[in-house]
Amino acid sequence: MLSLFLKLVLLFLSCFATLCKTCNQIDKESLLSIKLNIYSPTINWTSSVDCCLWEGIECDANGRVTHLQLPGRDLSGSISPSIGNLTHLSHLNLSHNHLSGPVPHHSCEFPSSLSSKVIRLFDLSGNNLQGTIPSSFFQLSAVNLESFNVSKNSFTGLIPSLSWTETSCILRILDFSNNDFTGPIPPGLGNCSRLQVFRAACNFISGSLPDDIYAATSLEELSLHVNSLSGPISNSIVNLTSLIILQLYSNNLTGFIPQDIGKLTNLTHLYLHVNNLSGSLPPSMKNCINLIKLNLRNNKLEGDLSAFNFSMLRHLRTIDLGNNNFTGSFPSTLYSCKSLTAVRLSRNNIEGEISPEIVALESLSYLSLAQNRLTNATAAIKILTGCKNLSVLFLCKNFKGEMIPDDITFSYAFPNLQVLALSKSQFQGQVPSWISNLRKLQFLDLSLNQITGSIPGWLGTMTSLFYIDLSYNLLSGEFPKELGGLPMLVSELQAAKKIGASLLELPLFIPPNINASNEEYYSLLSLPPSIFLQNNSLTGSIPIEIGQLHFLQLLNLSYNKFSGNIPNQISKLTNLERLDLSGNNLSGEIPASFSGLYFLSEFSVANNNLHGLIPSGGQFLTFSISNFEGNPGLCGDIIEISCSIQTRTNNNPVPSPSESSKKGACLWTHCWSCFRIYYWVRRWDFLPNSCI
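Nothing here was measured: the structure is a model prediction, and the numbers come from that model.

Rules behind the numbers
Within each chain, residues carry numbers counting from 1 in the order of the written sequence. Only residues with pLDDT of at least 70 get local features here, since the model is predicted, and only at 80 or more are side-chain atom pairs given and counted; chain-wide, interface and lining totals rely on the full set of residues. Only heavy atoms go into the side-chain values, all of them from the structure, while hydrogens and water stay out. A run of H or I in DSSP counts as a helix once it spans at least four residues, and a run of E counts as a strand once it spans at least two, with each numbered from the N terminus. Note on exposure labels: buried denotes an accessible area under 20% of the residue type's maximum, exposed denotes more than 50%, and partly exposed covers the range between, all computed with a 1.4 Å probe on protein chains only. Per-residue and other accessible areas follow the Shrake-Rupley method at a 1.4 Å probe size, with only the shown protein chains counted as cover for residues. Between Lys or Arg on one side and Asp or Glu on the other, a salt bridge is scored when a side-chain nitrogen of the former is within 4 Å of a carboxyl oxygen of the latter. Nonpolar cores are built from buried Ala, Val, Leu, Ile, Met, Phe, Trp, Tyr and Cys residues. Side-chain atoms within 4.5 Å join them into one set. Two residues qualify as a contact provided that any one of their heavy atoms is within 4.5 Å of a heavy atom in the partner residue. Strands were regarded as paired on the criterion that DSSP finds at least two bridges between them. Angles run from 0 to 180 degrees between N-to-C directions of axes, and those axes are lines fitted to C-alpha atoms, restricted for helices to the stretch in contact. A 1.4 Å probe that fits but cannot get out identifies a cavity on a 1 Å grid over protein atoms alone, an open set with protein on both sides within 12 Å along at least five of seven lines counts as a pocket, and a residue lines either if it has an atom within 4 Å of a point. Grid points are joined across faces, edges and corners, and a volume is the space filled by probe spheres set on the points. Charged means Asp, Glu, Lys or Arg here, nonpolar means Ala, Val, Leu, Ile, Met, Phe, Trp, Tyr, Cys or Pro, and polar covers whatever is left, Gly included. Here the expected length of a helix is defined as 1.5 Å per residue gap, with one fewer gap than residues. Read the arc as the range of directions from the helix axis to the C-beta atoms. Pairing of N or O atoms within 3.5 Å defines a polar contact, subject to two protein rules: one partner must be a possible hydrogen donor and the other a possible acceptor, and residues neighboring in sequence count only if both atoms are side-chain atoms. Grouping into patches uses exposed residues only, defined as over 30% relative accessible area, and leaves out salt-bridged ones; the cut-off is 9 Å for like charges and 5 Å for nonpolar side chains (Val, Leu, Ile, Met, Phe, Trp, Tyr). Counted charges follow a simple rule, with Lys and Arg positive, Asp and Glu negative, and His plus the chain ends left uncounted. Think of each charge as sitting on NZ of Lys, CZ of Arg, CG of Asp or CD of Glu.

Chemist: What is the right way to read the overall build of the chain from this model?
Modeler: What the chain contains, in helices and strands, is nine helices and 45 strands. Residues classed as buried in the chain amount to 50% of the 692 residues present. When the accessible surface of the chain is split by element, carbon and sulfur atoms take 53% of a total near 30000 Å².

Structure below.
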């Protein structure tokens with residue numbers, strides 16, 4: 001009992017000593033000065049309370065401030081120069097706030113006074129700080145620095161060089177990513193034998209990979225993507241045997257993939273896509289047995305892909321070899337990679353048929369084999385119905401000139417399919433009826449084929465569908481009224497379901513229109529709700545039911561044979577961003593209510609039979625003459641053709657001679673002659689101003 005009592009007394013005394021320690025007066029004044037420059041809705045530092053008890057502050061036994069850590073506290077403002085007075089500060093973390101402006105030091109850019117023997121953690125990431133980082137920060141005496149992170153700011157200039165010797169550098173994390181740094185990667189990384197993470201991605205760094213980077217043998221992550229690096233990847237990279245993540249994508253790297261890359265047996269993520277790498281896959285890559293994600297897309301790689309042995313990559317979940325020059329058939333050894341969830345081999349020269357063995361990939365959810373030389377589309381679709389988890393299927397630009405698969409009788413086919421793209425294949429036949437059973441389908445692209453017949457009304461009953469592209473076909477008949485009831489574009493409740501869309505295993509590359517470059521989407525949520533029916537032979541009027549598609553953003557009905565008036569109900573589509581009705585036989589006026597479509601950035605009614613005043617105001621102030629050409633009866637400021645005479649003729653009595661003379665201009669009879677000439681030659685601007 002006495003022993004327990006003594007323990008409690010000692011614990012009390014220890015706590016009392018901790019509570020009684022008071023922070024250094026200089027440190028307290030420095031912190032109060034820092035607070036004057038920073039606004040926070042939650043931080044409450046008051047002078048009446050010991051600063052060692054303030055939120056985010058820790059002190060040593062002598063009351064000196066050692067920790068200033070306020071990450072993600074919604075701080076705004078700037079950093080005071082007084083921070084340099086905290087000479088015992090070992091941990092500074094103000095990351096993920098809204099701080100801006102330069103970070104102060106003697107030259108008003110960076111706190112070099114913090115380069116002390118004490119500083120161990122320095123984290124200002126996720127703000128909007130500016131200025132340069134002087135090399136002196138690493139050249140002075142910051143010998144205890146273990147982690148330095150200034151990522152996601154707006155720093156400029158060169159990345160500072162590291163002048164430490166191998167024995168003095170204990171740095172483990174170095175992160176300069178997502179700034180505006182320029183110039184080469186500095187020397188000195190090779191002296192940091194304990195460095196585990198080096199990131200300088202998403203900057204404007206140029207030059208080649210420095211040789212001494214391959215001496216940092218403790219590196220586990222090397223992320224230098226989205227820069228302007230050039231030259232080869234040295235085979236010396238295999239010295240980094242601890243490497244787990246290698247990200248060098250979106251640069252200008254050339255040469256071969258290192259031949260001995262298989263020595264990096266700990267590698268789980270290898271991202272070398274969007275470079276200019278050439279040659280074939282090095283055979284040693286099969287020894288990267290821990291690979292989870294492999295992305296070599298958009299290079300100049302070549303060779304017979306079916307000859308490479310993937311069977312040892314049992315942990316591989318994602319492989320993207322798209323947009324290269326690979327040949328051969330679909331590699332059969334990939335069927336041994338049972339963990340695969342995403343495969344993209346699009347835009348190569350893969351030939352042959354899809355093998356039934358692909359159903360062995362039970363976790364496969366994403367498959368893109370677009371723009372190859374595959375054959376037997378009907379067999380391919382029947383086989384792929386066995387991939388029950390498949391949610392994304394791109395088979396575009398294959399099966400040239402075959403009949404579009406329609407002999408699919410399984411009502412349970414593709415139970416999880418969300419994206420189906422069979423475009424650019426010159427398919428013949430009609431819109432397949434089996435598509436109506438795809439209850440989770442959100443995205444359908446059958447464009448650029450030779451599909452005939454009418455648009456089936458059942459498309460308007462598909463509960464998840466919000467993106468339809470049937471453009472550039474031979475479709476006829478009318479715009480089905482049922483399409484105006486498409487649930488995902490009508491009901492706010494249905495549209496809300498789309499919000500829960502998860503990230504895709506690989507991004508989708510979708511052209512916004514036929515002549516534009518692809519846009520990249522990492523989630524179906526980010527795809528704009530769209531209906532593309534352009535360049536067909538659709539007839540009849542545009543149904544008023546189209547006004548129910550309140551969540552529609554892109555609508556293209558151009559170059560068909562639609563007639564009648566433009567429905568005023570389209571003005572109810574307040575989310576509409578692009579509307580193209582050009583190249584039809586539409587008549588009447590452009591509804592004045594269209595000026596209320598405030599998100600409309602692209603609009604065209606060119607080459608119709610429209611007349612009357614073009615709406616003014618709103619987005620119509622941004623449209624050009626070409627959007628209205630080919631409609632002789634249109635007038636308005638946009639096309640520089642006045643409507644005033646037509647308005648006067650229709651709405652006002654003929655003025656008396658005395659009234660005409662008061663205007664000091666031609667008589668009305670003269671004006672009428674002018675008007676008739678003006679009507680036939682509408683762009684001649686010769687009417688006297690007084691007659692207008």
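Chemist: What am I meant to see in the pattern of salt bridges here?
Modeler: Side chains carrying opposite charge are able to pair once their charged atoms draw close together. Applying the stated criterion across every chain, the model contains 11 salt bridges. Two residues, Glu505 and Arg317, come together in a salt bridge whose shortest N-O distance is 3.4 Å. Here Arg317 lies in the loop between strand S22 (300-304) and strand S23 (318-320) and Glu505 lies in strand S35 (residues 503-510), a separation of 188 residues in the sequence. Taking the relative accessible area as the measure of exposure, Arg317 reaches 34% and is therefore partly exposed. Note that Asp407 and Lys382 form a salt bridge whose closest N and O atoms lie 3.5 Å from each other. With Asp407 in the loop between strand S29 (392-394) and strand S30 (419-421) and Lys382 in helix H4 (residues 377-384), this pair connects stretches of sequence that are 25 residues apart. Shared partners join several salt bridges into a network, and the residues in it are Asp175, Arg199 and Glu221.

Chemist: What am I meant to see in the nonpolar core here?
Modeler: Soluble globular proteins tend to pack their nonpolar side chains together in the buried interior. Residues Leu68, Phe176, Phe198, Ile358, Leu508 and Phe628 are the most contacted members of the largest nonpolar core, which totals 193 residues. In terms of residues, this core owes the most to one element, H4, which gives five residues. Look past the residues within four positions of Leu68 in its chain and what remains in contact with it is Leu31, Ile34, Trp45, Gly56, Ile57, Ile83, Leu86, Leu89, His91, Leu92, Asn93 and Leu94.

Chemist: Would you explain the sheet that holds strand S10 (residues 156-158) in this entry?
Modeler: Judged by pairing direction, the sheet is parallel, and its eight strands sit side by side in the order S10-S12-S14-S16-S18-S20-S22-S24 without closing on themselves. Every other strand in the sheet has two partners, leaving S10 and strand S24 (325-327) as the edge strands with one partner each. This sheet shows a mean twist of 20° between the axes of neighbouring strands, independent of strand direction. Of the pairings in the sheet, the one linking S10 to strand S12 (residues 180-183) comprises three bridges and is parallel in character. The residue bridging Thr156 from the neighbouring strand is Asp180, located in S12.

Chemist: Could you clarify how one ought to interpret the layout of surface pockets in this entry?
Modeler: Empty pockets left among the atoms are what a rolling probe the size of a water molecule brings to light. Approximately 730 Å³ is the volume attributed to the largest pocket. Lining of the largest pocket is provided by 41 residues; of these, Gln371, Phe509, Ile510, Pro511 and Asn518 occupy positions nearest its centre. Within the residue set of the lining of the largest pocket, elements represented by two or more residues are strand S27 (366-368), strand S32 (443-445), strand S34 (467-469), S35 and strand S36 (519-523). Counting residues per element, the lining of the largest pocket draws most heavily on S35, at four residues. When its residues are assigned to classes, the lining of the largest pocket shows 20 nonpolar, 14 polar and seven charged.

Chemist: Got a minute to help me understand helix H2 (residues 25-36) in this structure?
Modeler: Each α-helix turn comprises 3.6 residues. Residues three or four places apart therefore point the same way. Its 12 residues place the ends of H2 17 Å apart at the C-alpha level, agreeing with the 16 Å of an ideal helix rising 1.5 Å per residue. Inspection of H2 places Asp27, Lys28, Ser30, Leu31 and Ile34 among the buried residues, and these make up the whole buried set. The buried residues of H2 all sit within an arc of 160° when viewed along its axis, so they share a single face. Elements that come into contact with the buried residues of H2 comprise strand S1 (38-39), strand S2 (57-59) and strand S3 (65-69). Between the side-chain oxygen of the N-cap and the backbone nitrogen of Ile26 there are 2.9 Å, and the N-cap of H2 in question is Asn24.

Chemist: Got a minute to help me understand a positive patch on the surface in this structure?
Modeler: Side chains of Arg347, Lys397, Lys400 and Lys424 sit close together on the surface and give a patch of like positive charge. Position of Lys424 among the secondary structure elements: in the loop between S30 and strand S31 (428-429). A relative accessible area of 35% places Lys424 in the partly exposed class.

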